Amino acid sequence: MPEPSTGPAPPSWSMDLRGTTAPALAELRRWASRTLARVDDAHLGDVLLVATELVTNAYDHGQGPLQVRMSHTPNPCWVRIEVDDHCPDHPEVATPSLERPGGRGMHIVDKLAHAWGVSEHPDGTKTVWAKVSCDGVDAIPCAAPTCS
């Protein structure tokens, strides 16, 4: 379900992934790091992980990614990641299992993203999106004993 719009659209950037294979993930991370240079390193790590998981999911289950888009709003700080793929099937958050490899991608997205969802398109493709906070300590897990 798309999120409601609140004001003018933030700047966005896109990368065409048609015909690529999984090694393109390294270029995706470099591109996102350059594109989101104003996002601090701790939060950028979360954004890169979510973007990597969404694109990997498109390779593994969506018949290949078509395009990835990112937009950034600085105040409050949010990064929205959108990945288009060929398959109308929606991703699922699987329960991680020690008995089988994989199946953790959308679980990671679900834990790191403030919200995520799917937008279906009339041509049978879809967009999987996630919104990641890049504000304050609440945006990243805090393992230090002084955190509350």
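Quantities reported herein were computed from a predicted structural model and do not represent experimental measurements.

A. Structural detail: unusual backbone geometry. The omega torsion of the bond from Asn75 to Pro76 falls at 0°, within 30 degrees of zero and hence cis. Looking at the secondary structure, you find Pro76 in the loop between β2 (65-74) and β3 (77-85). A positive phi angle is found at Gln63, which is not glycine, with a value near 60°. You can see Gln63 is positioned in the loop between α2 (41-61) and β2. Classification of Gln63 as exposed rests on a relative accessible area of 58%.

B. Spotlight on the pairing of β2. Within β2, eight of the 10 residues are buried, which leaves it mostly tucked inside the rest of the structure. Examined bridge by bridge, strand β1 (residues 12-16) and β2 share five bridges and lie antiparallel to one another. If you follow Ser14 over to β2, its bridge partner there is Arg69. Bridge count for β2 against β3 is nine bridges, and the pairing is antiparallel. Each bridged residue has a counterpart across the sheet, and for His72 the counterpart in β3 is Val79. Between β2 and the antiparallel strand that follows it, β3, lie two residues.

C. Structural detail: the pattern of salt bridges. The final tally for this structure, using the stated rule, is seven salt bridges. The shortest N-O distance in the salt bridge between Glu27 and Arg34 comes to 3.5 Å. When its relative accessible area of 53% is taken as the criterion, Arg34 is described as exposed. With a closest N to O distance of 2.6 Å, Arg69 and Asp84 form a salt bridge. On the criterion of sequence distance, the pair formed by Arg69 in strand β2 and Asp84 in strand β3 is long-range, its members being 15 residues apart. By relative accessible area, Asp84 is classed as buried at 12%. It is possible to trace a salt-bridge network through shared partners that takes in Arg69, Arg80, Glu82 and Asp84.

D. Structural context of the environment of Pro96. Tracing the chain through its elements places Pro96 in the loop between β3 and α3 (105-112). Excluding residues that lie within four positions of it along the chain, Pro96 makes contacts with Arg104 and His107.

Calculation criteria
Residues numbered from 1 in each chain as written. Predicted model: local features only at pLDDT ≥ 70, side-chain atom pairs only at ≥ 80, totals over all residues. Heavy atoms only, no water. Helix = DSSP H or I, 4+ residues; strand = E, 2+ residues; numbered from the N terminus. Buried < 20%, exposed > 50% of the residue type's maximum accessible area, 1.4 Å probe, protein only. Pairing = 2+ DSSP bridges. Salt bridge = Lys/Arg side-chain N within 4 Å of Asp/Glu carboxyl O. Contact = heavy atoms within 4.5 Å.

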